[in-house]
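The residues making up each chain are set out below.
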Amino acid sequence: MTGGSVHDAPLAVVTGASSGIGAEFTRVLRDRGYRVLAVARRADRLDELAKGSNGFIVPFVRDVTSEGAAEAILGRAEELGGADLLVCNAGRGSRGRIHESDPADALGMIGLNVTANVDLVSQAVPKMVARGSGGIIVVASNLGFFATPNMAVYGATKAFLLSFTESLSAELAGTGVRAMALCPGATSTEFGDVAGLGDTVEKTPGFTTAEEVVRGGLKAWDKGRAITVPGTVARLLTAFLAYSPRALSRRIMGKIFTAG
C-alpha cells in the first residue's frame, strides 16, 4: 500500500466495488496510491474492503440505479477533492431467450448497464474537462463485439458501452481527459452465478480472474489505449469471433450460452 498522505492522494471512484472486478480495481488502485470512493449496495462488503486501508478506501453505499445516484456519488467525490478517475463497473447479466424472459428484468438490466453508466459519465466528464485532467474506464465486455444469442440484452448493453466509450475517447482528444473501454472475456466473479451461467464461465476458452482483468486493464490504460481485451487467449478468441462471418459467430455464441 502507498505510504503517502491520504489527503494528497488522487481520487478514484469505483462502482460495483463490493465484489469481483470492482473490488479488485479498488484494491489495486489503492496500492497505486489512489484514495478510492468505493460505491456499491452492500455495506458489509464495502466495510470489509475498507478495513486496514488507513482511509484510502472510502465506502459509499448507493444503488447506482436509484434516483439522484450520479449526483450523490459525484457530490461525495467533490467533498473528497474531485474524481481523478472514474471506473464504471456496476452491471449484471442474465441468460435466457427473450420470449421466455421477464421484460422487467431486461429493462432493469438496461437501466443498470447503460442508463446509470451514461448518467454518471455524462455528469463526471464536464468536471474533468473543466480541470483539464481525468480519466474514465468503462467495464464493457468482449461480448460487445458480436451477437450473443441467449444473452441478447446483456450483449447489447455491452455493445452500447463499447461504442459509447470509444466515441467518448475520440471526443475527449486534446482535453486532458481520457476514456477506455475494458472488455474482459469470461472472468471468475459472482457474475456467472447471478446470470445463471453455471460452470459456463470456467469452461470458456480464455477464462481469466478478476486480478488478471484489472492488472491487464490498467496496463493498457497506462499505454493510452482506448479499448482493451485483457488476456492473450481472450483477445485472440475475440478477434476471431469479431472478424468471422456473423452467421458463424452467432452459432458459436448461441451454443456457448444455450438456454436450458
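Above: the structure in question.
Just so we're clear, the structure is a prediction, and the values are computed from it rather than from any experiment.

Conventions and cut-offs
- Residues numbered from 1 in each chain as written.
- Predicted model: local features only at pLDDT ≥ 70, side-chain atom pairs only at ≥ 80, totals over all residues.
- Heavy atoms only, no water.
- Axes fitted to C-alpha atoms, helices over the stretch in contact; angles between N-to-C directions.
- Helix = DSSP H or I, 4+ residues; strand = E, 2+ residues; numbered from the N terminus.
- Parallel < 35°, antiparallel > 145°, perpendicular 65-115°, else oblique.
- Left-handed = near helix turned anticlockwise from the far one by under 90°.
- Contact = heavy atoms within 4.5 Å.
- Nonpolar A, V, L, I, M, F, W, Y, C, P; charged D, E, K, R; others polar.

## Here we look at the packing of helix H1 (residues 20-31) against helix H8 (residues 210-222)
Here's step 1: For the pair H1 and H8, the least separation of the axes is 9 Å and the interaxial angle reads 55 degrees. Between H1 and H8, the crossing angle belongs to the class labelled oblique. Crossing of H1 against H8: the hand is right-handed. Touching Gly20, Ile21, Glu24, Phe25, Val28 and Leu29 of H1 are Ala210, Glu211, Val213, Val214, Arg215 and Leu218, all from H8.

## A short note on the side chain of Thr165
Here's step 1: By the element assignment, Thr165 lies in helix H5 (residues 152-171).
Here's step 2: Residues contacting Thr165, with those up to four places away along its chain left out, are Val138, Ala179, Met180 and Ala181.

## Describing unusual backbone geometry
Here's step 1: At Asn54, a position not held by glycine, the phi torsion is positive, near 55 degrees.
Here's step 2: Inspection of the secondary structure assignment puts Asn54 in the loop between helix H2 (43-50) and strand E3 (57-61).
Here's step 3: Of note, the phi angle at Asn150 is positive, near 80 degrees, even though the residue is not glycine.
Here's step 4: Along the chain, Asn150 turns up in the loop between strand E5 (134-139) and H5.

## Some remarks on the packing of helix H3 (residues 69-79) against helix H4 (residues 103-131)
Here's step 1: Look at H3 against H4: their axes get within 9 Å of each other, and the N-to-C directions meet at 30 degrees. Comparing their axes, H4 and H3 come out roughly parallel. Handedness of the crossing formed by H3 with H4: right-handed. Residues Ala70, Glu71, Ile73, Leu74 and Glu78 of H3 pack against Asp119, Leu120, Gln123, Ala124, Lys127 and Arg131 of H4.
Here's step 2: When grouped by side-chain class, the residues that make up the contact of H3 with H4 number five nonpolar, one polar and five charged.

All we've got here are geometric facts, nothing functional implied.
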